[in-house]
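So the chains spell out like this:
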Amino acid sequence: EEMVAHALAGEDENIRNLAVRLASEEGVPLSTGLYEQLLAEDPSEIVRAAAFDAIILRSEADGIDLQSLVDAGLEDPSPLIVERAHALREALESPVLVAPSAQEEEVPAASEASPQQ
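The rules behind the values
Residues numbered from 1 in each chain as written. Predicted model: local features only at pLDDT ≥ 70, side-chain atom pairs only at ≥ 80, totals over all residues. Heavy atoms only, no water. Axes fitted to C-alpha atoms, helices over the stretch in contact; angles between N-to-C directions. Helix = DSSP H or I, 4+ residues; strand = E, 2+ residues; numbered from the N terminus. Parallel < 35°, antiparallel > 145°, perpendicular 65-115°, else oblique. Left-handed = near helix turned anticlockwise from the far one by under 90°. Contact = heavy atoms within 4.5 Å. Nonpolar A, V, L, I, M, F, W, Y, C, P; charged D, E, K, R; others polar. Expected span 1.5 Å × (residues − 1). Bend = angle between axes of the 7 residues up to and from the residue. Buried < 20%, exposed > 50% of the residue type's maximum accessible area, 1.4 Å probe, protein only. Polar contact = N/O pair within 3.5 Å; in protein donor to acceptor, adjacent residues only side chain to side chain. Core = buried A, V, L, I, M, F, W, Y, C linked by side-chain atoms within 4.5 Å. Salt bridge = Lys/Arg side-chain N within 4 Å of Asp/Glu carboxyl O.

1. Looking at the packing of helix 5 (residues 66-74) against helix 6 (residues 79-93)
Moving on, step 1. As a packed pair, helix 5 and helix 6 sit with axes 8 Å apart at the nearest point and diverge in direction by 150°. Compared by their axis directions, helix 5 and helix 6 come out roughly antiparallel. For the crossing formed where helix 5 meets helix 6, the hand is left-handed. Facing helix 5, whose interface residues are L66, Q67, L69, V70, G73 and L74, helix 6 presents I81, V82, A85, H86, L88, R89 and L92.
Moving on, step 2. Looking at side-chain class alone, the contact of helix 5 with helix 6 contains nine nonpolar, three polar and one charged residues.

2. Some points on helix 4 (residues 45-62)
One full turn of an α-helix is made of 3.6 residues, so residues set three or four places apart face in the same direction.
Moving on, step 1. With 18 residues, helix 4 should reach 26 Å at 1.5 Å per residue; the first-to-last C-alpha distance of 24 Å fits that figure.
Moving on, step 2. For helix 4, the principal kink sits at I56 and spans about 30°.
Moving on, step 3. Buried within helix 4 we find V47, R48, A49, A50, A51, F52, A54, I55 and S59.
Moving on, step 4. By the N-cap criterion, in which a side-chain oxygen at the helix start approaches the backbone nitrogen of a residue two or three places on, helix 4 is capped by S44, the distance to I46 being 3.3 Å.
Moving on, step 5. Looking one or two residues past helix 4, G63 carries a phi angle of roughly 65°, positive in sign.

3. Looking at the side chain of S78
Moving on, step 1. Within the fold, S78 resides in the loop between helix 5 and helix 6.
Moving on, step 2. Of the polar contacts made by the side chain of S78, one reaches the side chain of E45; its length is 2.3 Å.
Moving on, step 3. Non-local contacts of S78, meaning those with residues more than four positions away in its chain, are made with E45 and R48.

4. Regarding the environment of M3
Moving on, step 1. Along the polypeptide, M3 turns up in helix 1 (residues 2-8).
Moving on, step 2. Through-space distance from the C-alpha of M3 to that of A19 is 8.5 Å; in sequence the pair is 16 residues apart.

5. Details of the nonpolar core
Moving on, step 1. Core analysis: the biggest nonpolar cluster contains 24 residues, and V20, Y35, L39, F52 and L69 have the highest contact counts within it.
Moving on, step 2. Residue assignment for this core shows that the elements contributing at least two residues are helix 1, helix 2 (13-26), helix 3 (32-41), helix 4, helix 5 and helix 6.

6. Quick notes on the pattern of salt bridges
Moving on, step 1. Enumeration over the complete set of coordinates arrives at four salt bridges.
Moving on, step 2. The closest approach of N and O atoms between D42 and R16, which form a salt bridge, is 2.9 Å. A residue pair is termed long-range when its members are at least 10 positions apart, and D42 in the loop between helix 3 and helix 4 and R16 in helix 2 qualify at 26 residues.
Moving on, step 3. Under the relative-accessibility criterion, R16 is labelled buried at 5%.
Moving on, step 4. A salt bridge links D53 to R21, with the nearest nitrogen and oxygen atoms 3.5 Å apart. Note that D53 is positioned in helix 4 and R21 in helix 2, a separation of 32 residues in sequence.
Moving on, step 5. Several salt bridges share partner residues, and in doing so they unite R21, D53 and R84 into one network.

7. Regarding the environment of L80
Moving on, step 1. Here L80 is to be found in helix 6.
Moving on, step 2. With relative accessibility at 27%, the residue L80 sits in the partly exposed group.
Moving on, step 3. Taking C-alpha positions, L80 is 8.1 Å from I46, a pair spaced 34 residues apart along the chain.
Moving on, step 4. With residues near it in sequence (within four places) discarded, L80 still touches E45 and A49.

From the geometry alone we can't say anything about function, so treat these as descriptive.
Set out below in structure tokens:
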């Protein structure tokens with residue numbers, strides 16, 4: 001966690017981007033507030049995009065309202081972030097497809113399940 005914080009304080013946007021992505025993917029315990037701060041304040045659009053993605057990954061576990069993330073993304077000056085916000089909004093608005101449970105799946109008739117001998 002200290003290494004990530006140190007990397008985020010640096011000037012190299014590639015290192016900050018890598019730190020955000022690795023922290024998110026590896027489950028380094030960074031606060032959602034830190035990701036939100038990066039999204040709002042980091043001068044690099046790639047770091048803001050990484051923070052946007054990290055917030056999405058944490059949203060279910062942390063109970064984050066993704067609509068507020070969409071709103072923040074749509075106000076970002078970067079087309080990269082705006083594009084992500086549009087994609088997230090579309091995903092939130094589309095109906096969720098639920099796979100049928102094993103009990104609901106059609107079971108082939110006995111005559112279809114095994115060839116007759």
